[in-house]
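The chain contents come next:
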Amino acid sequence: MTTSLTSNTGPTGTTLPAGAGDGSGMTVHRLSGTVRPYAWGSRTALAAVQGRPVPSPQPEAELWLGAHPDAPSSVAGRSLQAIVAADPDHVLGSAVAAEFGPRLPYLMKLLAADEPLSLQAHPDADHARAAYAAEEAAGLPAAERNYRDEHHKPELLVATSEFEALCGFRDPRAAAGLLARLDVPALSPVVGLLRDPDQARALREATALTLTLPGPVVRDVAAACAKLAGADPAYETAAGLADRYPADAGVAVSLLLNHVRLAPGQAIWMPAGNLHAYLRGVGVEIMAASDNVLRGGLTSKRVDVGELLRVLRFEPLDDPVVSPAQVSPGVVRWVPPVREFALTRAVVGGAVPRVELSAPSARILLCMSGTVVIEDGTEPISLTPGTAAFAPAGVRDVTVSGYGEVFQASTAFTE
């Protein structure tokens, strides 16, 4: 089930000029996204951003902005997926179309989590291609598949509120100390494995064992964490997860991961093989367009521990928080080591009344606060919080003015 938004309509920019639906109308247009009502979503956050009544009648987990076939955004009532497919060279840019085909290679989301998401990781590109091909050749039914497409799914999230997440493995010696303090006898083998001086082996073997802990042991872990909740945020997090998933091994696995608290404007990067779970908060997320998710717990969805272990990278992540580059006054940009996407944040008003944003490929602009005006030399478009615009590749430069905050999703291409 999806809920189509209508709040992106307005007095300007609502009608595509002749031919724009096939990519020949190279101007900025309003973009209407789709809200995904997953159970972990907030009933207040997205509605509050967009100025709609709260609480919403159902959870609203993510506002999708892109051309994903399950919930494509629309321009003047026409699917962005169809617009891209009709003329990929003009809409995406010829270099992007040549590399990725007639598909927008990224998906932008405004994510609002009131409850934890699943413990998960994503494959790298080579593994995704091979695994998808193998499942296709085997003719597996959808319910038994791990791979929905042949693409990888790296992700970047920038917090727009306080945001909590589990992201990447902590130092195995630190994890051993956390588990040992619980004084749960069944964890002794895990603690021993974590103290192996070979960190990769320590994490690989300890994670494999922890992911298969039986329910009674997980309950003992949860009880011990509840008693020590004030001693370390990791114990408090594990105890909270156990309230929702009392016998799920993911509760214990959470103690192996970094517990990250982001302030607004801070970001975390999740490359292939990074084990992570969002816990709560609101943020702008951008990812390679794919549905390939390997889950290890904290969910009612399909879990495949064996396949998850095959894609994980068993290395400590010292600092999951990634910093952007300063582009110009009021403008910062995150450019992860992938081709599919980059994310830019612009704040205008006061000392920075306007900024120029450039991109050689298709992009999406999402307003998060205030009121901003997007201009490309034709008809200006005014955006308010939670509304968006789409600029095809032919619109290389736009000006953002007014008072507010805008996020721009684009590819990482520079030419």
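See above for the structure.
Quick summary incoming for the structure in this document. Computed from a predicted model, the values in this text were never measured in an experiment.

### Some remarks on the packing of helix H9 (residues 215-227) against helix H10 (residues 233-244)
Between H9 and H10, the shortest axis-to-axis distance is 8 Å and the interhelical angle comes to 130°. Taken together, the axis directions place H9 and H10 in an arrangement best described as oblique. Once H9 is placed against H10, the crossing between them reads as left-handed. Judged by residue contacts, Ala222, Cys225 and Ala226 of H9 engage Tyr235, Ala238, Ala239 and Ala242 from H10. Its residues assigned to classes, the contact of H9 with H10 comprises 7 nonpolar, no polar and no charged.

### So, the side chain of Ser118
Position of Ser118 relative to the elements: it lies in the loop between strand E7 (106-113) and strand E8 (119-121). Here Gln120 takes part through its side chain, which lies 2.9 Å from a polar atom of the side chain of Ser118. Engagement of the side chain of Ser118 in a polar contact is seen with the side chain of Arg295, the distance being 3.5 Å. Excluding residues within four positions of it along the chain, Ser118 makes contact with His276, Ala277, Arg295, Gly297, Leu298 and Thr299.

### Considerations on helix H5 (residues 125-138)
The end-to-end C-alpha distance of H5 is 20 Å, a good match for the 20 Å that 14 residues give at a rise of 1.5 Å each. What H5 keeps buried is the set Ala128, Ala131 and Glu135. The arc enclosing the buried residues of H5, seen along the axis, measures out at 80°, which places them on a common side. Exposed side of H5, more than 90 degrees from the buried face: Asp126, Ala130 and Ala137 are the residues found there.

### Some details on the side chain of Asn292
Turning to its location among the elements, Asn292 is positioned in the loop between strand E13 (276-288) and strand E14 (294-297). Engagement of the side chain of Asn292 in a polar contact is seen with the side chain of Asp149, the distance being 2.9 Å. Apart from the residues lying within four places of it in its own chain, the contact partners of Asn292 are His122, Pro123, Ala128, Asn146, Tyr147, Arg148, Asp149, Glu150, His151 and Lys153.

### Remarks on H9
Between the first and last C-alpha of H9 there are 19 Å, a value that for 13 residues agrees with the 18 Å anticipated at 1.5 Å per step. Buried within H9 are the following residues: Gly215, Val217, Val218, Val221, Ala222, Ala224 and Cys225. Buried residues along H9 sit in contact with helix H6 (172-182), H10 and helix H11 (250-253).

### A word on the packing of aromatic side chains
Counted by the stated rule, this structure contains 5 aromatic pairs. Between the aromatic rings of Phe169 and Phe314, the centroid separation amounts to 5.8 Å while the plane-to-plane angle is 25°, which identifies the pairing as stacked. Here Phe314 lies in the loop between helix H12 (305-311) and strand E15 (321-322) and Phe169 lies in strand E10 (residues 163-169), a separation of 145 residues in the sequence. Comparing Phe169 with Phe314, the two get one shared label, buried. When the ring centre of Trp64 is taken as origin, the NZ or CZ atom of Arg36, which lies over that ring, is 4.4 Å away. The ring of Tyr38 has Lys301 lying over it, and the distance from NZ or CZ to the ring centre is 5.6 Å.

Scoring rules and cut-offs
- Residues numbered from 1 in each chain as written.
- Predicted model: local features only at pLDDT ≥ 70, side-chain atom pairs only at ≥ 80, totals over all residues.
- Heavy atoms only, no water.
- Axes fitted to C-alpha atoms, helices over the stretch in contact; angles between N-to-C directions.
- Helix = DSSP H or I, 4+ residues; strand = E, 2+ residues; numbered from the N terminus.
- Parallel < 35°, antiparallel > 145°, perpendicular 65-115°, else oblique.
- Left-handed = near helix turned anticlockwise from the far one by under 90°.
- Contact = heavy atoms within 4.5 Å.
- Nonpolar A, V, L, I, M, F, W, Y, C, P; charged D, E, K, R; others polar.
- Polar contact = N/O pair within 3.5 Å; in protein donor to acceptor, adjacent residues only side chain to side chain.
- Expected span 1.5 Å × (residues − 1).
- Buried < 20%, exposed > 50% of the residue type's maximum accessible area, 1.4 Å probe, protein only.
- Arc of directions from axis to C-beta.
- Phe/Tyr/Trp six-rings, centres within 6.5 Å; stacked < 30°, edge-to-face > 60°.
- Lys NZ or Arg CZ within 6 Å of the ring centre and 35° of its normal.

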